[in-house]
Amino acid sequence: MRQGANNQAGLYIHIPFCLSKCPYCAFNSFTPADQDTTAYLNALHLQMCRLATHPQVAKHVFSTIFVGGGTPTIYSAQQLTGLISTALNYFQFTPQPEITVESNPNSLNLELLTSLREAGVNRLSIGVQSFSDKLLVRLGRSHSVSQAENALETARKAGFTNLNIDLMYGLPGQDFEDWRQTLETACQYRPEHLAVYELTVEEKTPFAEMAAGGILDLPNEDVVADMAELTLRVLSGAGFVRYEIANFTQPGKECRHNINYWQNGQYLGLGAGAVSYIMGSRISNICDPGSFARHVKADNDGFCSIECLCREKRFRETVIMGLRMTKGLSLVSLQERFDLDPREYYGSSLRRLQDNHLVEITDDNIYIPARAIAVANQAMKELV
Ligand code: SF4
């Protein structure tokens with residue numbers, strides 16, 4: 001693989017704090033009451049400072065920053081803009097980088113949003129999840145529909161012209177009409193981008209316990225399949241294009257940061273639990289925010305593991321990630337990057353997937369056809 005031939009990368013900054021912990025959440029996030037959020041922020045600045053001059057990092061030019069969580073907007077305007085300006089000062093960037101901040105509706109106000117715009121943030125992602133108060137309560141979310149609506153209006157007032165709304169379906173107590181109403185309300189706000197996920201019950205969460213106890217009233221498989229089909233219909237009708245399994249965009253507003261992940265490009269992850277993929281190695285940071293901050297403060301790198309990936313593993317991961325995108329992957333670029341052709345590499349298992357219409361291959365492309373996206377996991381399991 002011509003690792004290093006492309007020196008572009010994405011920069012991810014993880015904020016592992018949320019106002020409260022949602023009962024379905026398996027992300028690396030904690031409520032701030034038990035955490036030293038100032039020490040954590042200082043550690044992030046320190047980690048950036050150290051890594052920016054690391055020889056393997058300094059040769060990269062970054063094209064995106066994604067401040068994700070958790071809920072980054074639990075920090076003040078000054079703290080967040082300070083973090084972003086440190087990143088912009090320490091690392092090299094391409095002209096006009098995409099800079100995204102994730103947020104929750106009840107942690108946004110005009111002052112914060114205006115400051116973020118002035119600091120160069122040009123994309124805002126808002127975790128709305130549902131436009132039904134009844135379902136937000138069932139999800140254990142800490143915001144209401146009216147807070148979500150205010151947040152969307154305030155983001156526009158602050159000058160954001162690239163807004164993503166996160167939505168979820170397949171929720172306990174949700175029916176088909178609830179989901180239609182949420183989709184249609186979301187479209188009325190004319191976001192540039194929508195990320196639409198089916199709820200998955202993750203192990204070791206309160207939802208998993210409720211499911212095991214038979215008290216999580218999830219809609220049945222057929223209703224969930226109808227919801228997925230409705231998503232495509234409503235969003236296509238509103239001018240959105242599906243470009244990844246769960247991501248829909250108005251033309252030209254695809255998330256560049258996430259596309260880099262799906263293309264298995266290089267990225268640097270800062271903060272607790274963040275992962276980097278640089279020069280063929282995967283580096284994971286310590287997950288616990290307090291341990292991470294102490295480690296970095298004590299002049300250490302904050303890493304907990306470094307894995308050097310062999311060419312075949314990088315190839316398989318690139319195929320799996322690339323198949324998440326509706327356009328799939330170019331066979332020529334796979335050949336150029338890895339000197340491997342999926343038809344030869346996977347042989348009969350790929351032919352079986354083709355015979356079952358779960359994967360299509362053209363002269364130059366391998367992709368999952370639209371009608372098989374709902375069962376994309378079947379193909380991915382086979383090719384991983
Ligand atoms: S807001 Fe998001 S990251 Fe935070 S607890 Fe809820 S689902 Fe998890």
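Sequence order sets the numbering: in each chain, residues are counted from 1 along the sequence as written. Since the coordinates come from a predicted model, pLDDT governs what is reported: local features require at least 70, and pairs of side-chain atoms require 80 or more to be given and counted, while whole-chain, interface and lining totals use all residues. To obtain the side-chain values, all non-hydrogen atoms of the structure were included, while hydrogens and water were left out.

Structural notes on the packing of aromatic side chains
Aromatic pairs are defined between Phe, Tyr and Trp rings, using the six-membered ring for Trp, whenever the two ring centres lie within 6.5 Å; interplanar angles under 30 degrees are classed as stacked, those over 60 as edge-to-face, and all others as tilted. Evaluated as defined, the whole model comprises 16 aromatic pairs. Measuring from ring centre to ring centre gives 6.3 Å for Phe17 and Tyr75, while their planes differ by 80 degrees; the resulting arrangement is edge-to-face. Of the two residues, Phe17 is situated in the loop between strand S1 (8-15) and helix H1 (37-52) and Tyr75 in the loop between strand S2 (61-69) and helix H3 (77-90); the sequence distance between them amounts to 58 residues. Three labels apply to residues, based on accessible area from a 1.4 Å probe with only protein chains included: buried if under 20% of the type maximum, exposed if over 50%, partly exposed otherwise in between. Residue classification places Phe17 among the buried positions, given a relative accessible area of 0%. According to the relative accessible area criterion, Tyr75 is buried, its value standing at 3%. Relative to Tyr189, the ring of Phe131 has its centre 6.1 Å away and its plane inclined at 5 degrees; by these criteria the two rings are stacked. Labels follow the DSSP assignment, with helices taken as runs of H or I lasting at least four residues and strands as runs of E lasting at least two, numbered in each case from the N terminus.

Notes on helix H12 (residues 311-322)
Under the convention used throughout, the expected extent of a helix is 1.5 Å for every residue step, that is, one less than its residue count. For H12, with 12 residues, the first-to-last C-alpha span of 16 Å sits near the 16 Å given by 1.5 Å per residue. Along H12, the positions that sit buried rather than exposed are Arg314, Phe315, Glu317, Thr318, Val319, Ile320 and Gly322.

A look at the domain arrangement of the protein chain
How far each domain reaches was decided by an automatic or database domain assignment. Domain boundaries in the protein chain define domain 1 (8-262) and domain 2 (315-383). Joining two parts hides part of their accessible area as seen by a 1.4 Å probe, and the buried area is that hidden amount summed over both. When domain 1 packs against domain 2, close to 820 Å² is buried across both sides, 64% of that on carbon and sulfur atoms. Summed over the three residues of domain 1 that lose the most area to domain 2, namely Arg242, Ile245 and Trp262, the buried surface amounts to 64% of that side. By convention in these notes, a salt bridge is any Lys or Arg side-chain nitrogen within 4 Å of a carboxyl oxygen on Asp or Glu. Between domain 1 and domain 2 we count one salt bridge in total. We note a salt bridge from Arg324 to Glu244, for which the minimum N-O separation is 2.5 Å. We define a polar contact as two N or O atoms separated by no more than 3.5 Å, with the added condition that, inside protein, one atom must be a possible hydrogen donor and the other a possible acceptor, whereas residues neighbouring each other in sequence contribute only through side-chain atom pairs. Where domain 1 touches domain 2, the interface holds five residue pairs in polar contact (both at pLDDT 80 or more). At the level of secondary structure, the elements contributing two or more residues to the side of domain 1 that touches domain 2 comprise strand S7 (241-244) and helix H10 (256-262). For the side of domain 1 that touches domain 2, a count of residues per class yields five nonpolar, no polar and two charged. Amino acids are sorted into nonpolar (Ala, Val, Leu, Ile, Met, Phe, Trp, Tyr, Cys and Pro), charged (Asp, Glu, Lys and Arg) and polar (every other residue, Gly among them).

Some details on the sheet that holds strand S14 (residues 360-361)
By way of backbone hydrogen bonds, the strands of a sheet pair with one another, either parallel or antiparallel. The strand order across the open sheet formed by three strands is S13-S15-S14, and the pairing between neighbours is antiparallel. Only two strands of the sheet have a single partner each, and these edge strands are strand S13 (329-330) and S14. Pairing between strands requires that DSSP locate at least two bridges from one strand to the other.

Some thoughts on the environment of Pro55
Structurally, Pro55 can be placed in helix H2 (residues 55-58). Take Pro55: its relative accessible area is 60%, and that puts it in the exposed class. Each C-alpha atom, one on Pro55 and one on Val319, is 29 Å from the other, the two residues being 264 residues apart in sequence.

Let's talk about empty space enclosed by the protein
Within this scheme a cavity is a closed region of a 1 Å grid, computed over the protein atoms alone, that accommodates a 1.4 Å probe without allowing it to escape, whereas a pocket is open but has protein on both sides within 12 Å along at least five of seven lines; lining residues each have an atom within 4 Å of a point. Grid points are joined across faces, edges and corners, and a volume is the space filled by probe spheres set on the points. Under the counting rule described, the total for this entry stands at one cavity of 30 Å³ or more. Estimates place the volume of the largest cavity at around 30 Å³. Residue lining of the largest cavity: Ile245, Leu323, Arg324, Met325, Thr326, Ile368 and Ile373, and that is the complete set. Across the lining of the largest cavity, the residue classes tally to five nonpolar, one polar and one charged.

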